[in-house]
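Letter by letter, the chains look like this.
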Amino acid sequence: MAGLVLLLCTVLQNEAAAQIPGSSLLTDCPPLGLETLKIDDFQLHASSMRHYGLGPHRGRLNIQGGLYEDDLYDGGWCAGRNDPLQWFEVDARRLMKFTGVVTQGRSSLWSSDWVSSYKVLLSNDSHSWVTLKNGSRDLIFSANREKEIPVLNLFPKPVVARYIRINPRSWYSSGSICMRVEIMGCPMPDPNNYYRRRNEVTTTDNLDFRHHSYKEMRQLMKVVNEMCPNITRIYNIGKSYNGQKLYAIEISDNPGEHELGEPEFRYTAGSHGNEVLGRELLLLLMQFMCQEYLSGNTRIRRLVHETRIHLLPSINPDGYEKACKAGSELSGWSLGRWSQDGLDIHHNFPDLNSVLWEAEAQKWVPRKFHNHHVPIPDWYRSTNATVAVETRALVSWMEKIPFVLGGNLQGGELVVTFPFDRTRSVTALREATPCPLLMSLHWLPVSKRAAAHGPITERHRITLKNVFSLRTVGHCRLPLIFCQLNDIFYQLTNSPITVKGQSCQCISQHKDTSDSHVVEHVVFVFVQVHRGIKGVVRDVQGKGIANAIIAVDGINHDIRTASDGDYWRLLNPGEYRVMVRAEGFSVSSKVCAVGYDIGASSCDFVLGRSNLSRIREIMQKFNKQPISMRQRLRQRRLLDT
């Protein structure tokens, strides 16, 4: 299939702009693409910068800063000096009809920095500059009064140029010159193709490539189900606060059934309703897999036959609808992020890490307390707990299905995060707290196959990290009793989950990025569910044993078998000593080898009944009476007869 490279984010921004009353300029001229990364880093320049992490490449609307100040991923452009000679410049690389500017201050938990007024200068050669005028005087635009709310300034009339500069004239008295920016503009006609962009690609795919409302999303899923009724099933896991069903689609050769030995994978998106790329990517993915399956794509058909795949495109449909009405440029980062009742679904889970770590400190693990399947506290399940209905639906879904691996797609920086989300030391703001499966999880984004598909390993675009924060994640202060989606499903189920931050660059930025590259990169994660070991734990009669514990020597995190006795364990290539134990059965162990080729190694176990369980069975059969007493009773009966 040819290029899946339409500018997805720009579509939503066009729709949002069209909703601003009396703004025909915005309707005609959408954002250039600083926020969506359509504008490359090398197109952004500045007079100076405080340090690299606050360089012009960070001056993009709605970009988010890190937890700590002065790192490589700070929240805006900040000038190296505070004086009226500073400027922020965008090179459109072609003649544009500029119509306006949107500005924010710096995204920071600790600093308050914004520009309160600015001038706009334009040029065709970057040497001679003309300032926008109000009659004979320079036009000065009023800008921000705080750092988060975007402020839009439309020009009195459109101006044609290639380069545009923003020249701050005043700023917050207790802060510095810092900005996040979006430029509104339309490309001028180019009949000779003189200004053709290197990354401008059109699509020839038969995919529904646009933003979808809740009703349109549901209709698209129905269309996919009707196209591929034998391999798809639509179901819902619950309802949102406003009563909208949380729809998921299953893709499998036997939809609706858990097949023995077949791993289950899930993708979720939209826990923050205003982060829309993951939602659309999953909608595209279900179309892609259906069409490729029907066309006979060998790899896709094999994947569908050997894997049970679940796609949940919108965890927070209420938040999406709210953000869509306002549009990206003028809503800020928070509108639609939370559920309708004001809860951050992504961080609305109980802290099971501290429960496990306390048990380890008391040396209760593994005899008195398991290092896996940590139970959810009763207070969290109570009806009056501060838990979103969407969160409850997610937890219930995860507990019902034996997922092996999962991914959650979010918007913002290109980043992959793994458990743990908290530090072990209560007083530490930052310390390394890796989970026992960290090396296996790191294999996913840095493997050779992943590196061959797009910007997932591009330098300066992605960070592979643990989230080492204690109270603050994603710029929200969290109560200590709540934790992130990564950790809850790592501790509660067999399935680790990775959170993958996406940006629009993943779809629309590179000339050599076709739809097969983008979607295949996502499909690649499905294939990884078949890496490691798999097998079935049975008794001597051949019946599967449910809830048997699978322990790997050297990895302090066990898993359990599903209801039919099958299991899957993600492991990197190597040899491992695997031990299996179950209530009422003898312990069994063996060495299992994992190769480099795709496909899990089979490692089955047969458990015999333990002597203690046999004794208990005999005792229960004879009403728990000692054997000697039974013999005496028989002798008395014989004498009586």
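Parameters and conventions
- Per chain, residues are indexed from 1 in the order of the written sequence.
- Where local features are concerned, this predicted model is filtered to residues with pLDDT of at least 70; where side-chain atom pairs are given and counted, the filter is 80 or more; whole-chain, interface and lining totals use all residues.
- The basis for every side-chain value is the complete set of heavy atoms in the structure, and neither hydrogens nor water enter the calculation.
- Any two strands with at least two DSSP-identified bridges between them are counted as paired.
- The helix and strand labels rest on DSSP assignments: H or I over at least four residues marks a helix, E over at least two residues marks a strand, and numbering proceeds from the N terminus.
- Here, nonpolar core means buried Ala, Val, Leu, Ile, Met, Phe, Trp, Tyr and Cys residues that are tied together by side-chain atoms lying within 4.5 Å of each other.
- Each residue is assigned to one of three classes by its accessible area relative to the maximum for its type, calculated with a 1.4 Å probe on protein chains only: buried under 20%, partly exposed between the two thresholds, exposed over 50%.
- Take a side-chain nitrogen of Lys or Arg and a carboxyl oxygen of Asp or Glu: if they are within 4 Å of each other, that pair is a salt bridge.
- Classification of ring pairs rests on two measures: the distance between centres of Phe, Tyr or Trp rings, Trp counted by its six-membered ring, which must be within 6.5 Å, and the angle between planes, read as stacked under 30 degrees, edge-to-face over 60 and tilted in between.
- Given the number of residues in a helix, its expected span is that number minus one, multiplied by 1.5 Å.
- Axis angles are defined between N-to-C directions and span 0 to 180 degrees, where every axis is a line fitted to C-alpha atoms and, for a helix, only to the segment in contact.
- If an angle is under 35 degrees, it is roughly parallel; if it is over 145, roughly antiparallel; if it lies from 65 to 115, roughly perpendicular; otherwise it is oblique.
- Residues count as neighbours in contact if any of their non-hydrogen atoms are within 4.5 Å of one another.
- Classification convention: Asp, Glu, Lys, Arg as charged; Ala, Val, Leu, Ile, Met, Phe, Trp, Tyr, Cys, Pro as nonpolar; all other residues, Gly among them, as polar.

Trainee: Honestly, the pairing of strand 27 (residues 574–581) in this entry has me stumped. Any pointers?
Mentor: In regular strands, side chains alternate between the two faces of the sheet. Two strands pair when backbone bridges link them, and strand 24 (residues 549–552) and strand 27 are joined in this way by 4 bridges, in the antiparallel orientation. In the strand pairing of strand 27, Ile549 is matched with Arg581. Two successive antiparallel strands, strand 27 and strand 28 (residues 588–594), enclose a turn made up of 6 residues, where Gly584 displays a positive phi of approximately 90 degrees.

Trainee: In this structure, what is going on with the nonpolar core? I would like to understand it.
Mentor: As a rule of thumb, soluble globular proteins bury nonpolar side chains together. Counting 33 residues, the largest nonpolar core has Met286, Met289 and Leu311 as the members making the most contacts within it. Contributions of two or more residues to this core are made by helix 3 (214–227), strand 12 (245–251), strand 13 (264–269), helix 4 (277–294), helix 5 (298–306), strand 14 (308–312) and strand 16 (403–411). The next biggest cluster of nonpolar side chains, apart from the first, holds 29 residues, and it includes Ile39, Val90, Leu122 and Ala143.

Trainee: Help me out: how do you make sense of the pattern of salt bridges in this one?
Mentor: Once their charged atoms are close, side chains differing in charge can pair, the charge on each being opposite to the other. Counted by the stated rule, this structure contains 17 salt bridges. What you see here is one network of salt bridges that share partners, running through Arg233, Glu250, Glu264 and Arg308.

Trainee: How should I be thinking about the packing of aromatic side chains in this particular structure?
Mentor: The geometry of an aromatic ring pair comes down to the distance between the two centres and the angle between the two planes. Under the defined criterion, the tally for this structure stands at 9 aromatic pairs. Each ring, one from Tyr118 and one from Phe141, has its centre 5.6 Å from the other, and the planes form 25 degrees; the classification is stacked. Here Tyr118 is found in strand 4 (residues 115–123), whereas its partner Phe141 is found in strand 8 (residues 141–142), with 23 residues between them in sequence. Just as Tyr118 is buried, Phe141 falls in that class too.

Trainee: Which parts of the structure should I look at to understand helix 4?
Mentor: What sets the pattern is the α-helix's 3.6 residues per turn: residues three or four places apart point alike. Its 18 residues place the ends of helix 4 26 Å apart at the C-alpha level, agreeing with the 26 Å of an ideal helix rising 1.5 Å per residue. Counting buried residues in helix 4 gives 17 out of 18 residues, a clear majority hidden from the surface. Within two residues after helix 4, Gly296 carries a phi angle of roughly 90 degrees, on the positive side.

Trainee: Any chance you could explain the environment of Leu405 here in plain terms?
Mentor: Here Leu405 shows up in strand 16. Separated by 140 residues in sequence, Leu405 and Phe265 have C-alpha atoms that sit 5.3 Å apart.

Trainee: How should I be thinking about the packing of helix 4 against helix 5 in this particular structure?
Mentor: Between two packed helices, what matters for the description is the angle formed by their axes and the separation of those axes. Where helix 4 contacts helix 5, the axes come no closer than 8 Å and their chain directions differ by 110 degrees. Relative to helix 5, the element helix 4 is oriented roughly perpendicular. Across from Phe288, Met289, Glu292 and Tyr293 in helix 4, the residues of helix 5 making contact are Ile300, Arg301, Leu303, Val304 and His305. For the contact of helix 4 with helix 5, the residue count by class is 6 nonpolar, 1 polar and 2 charged.

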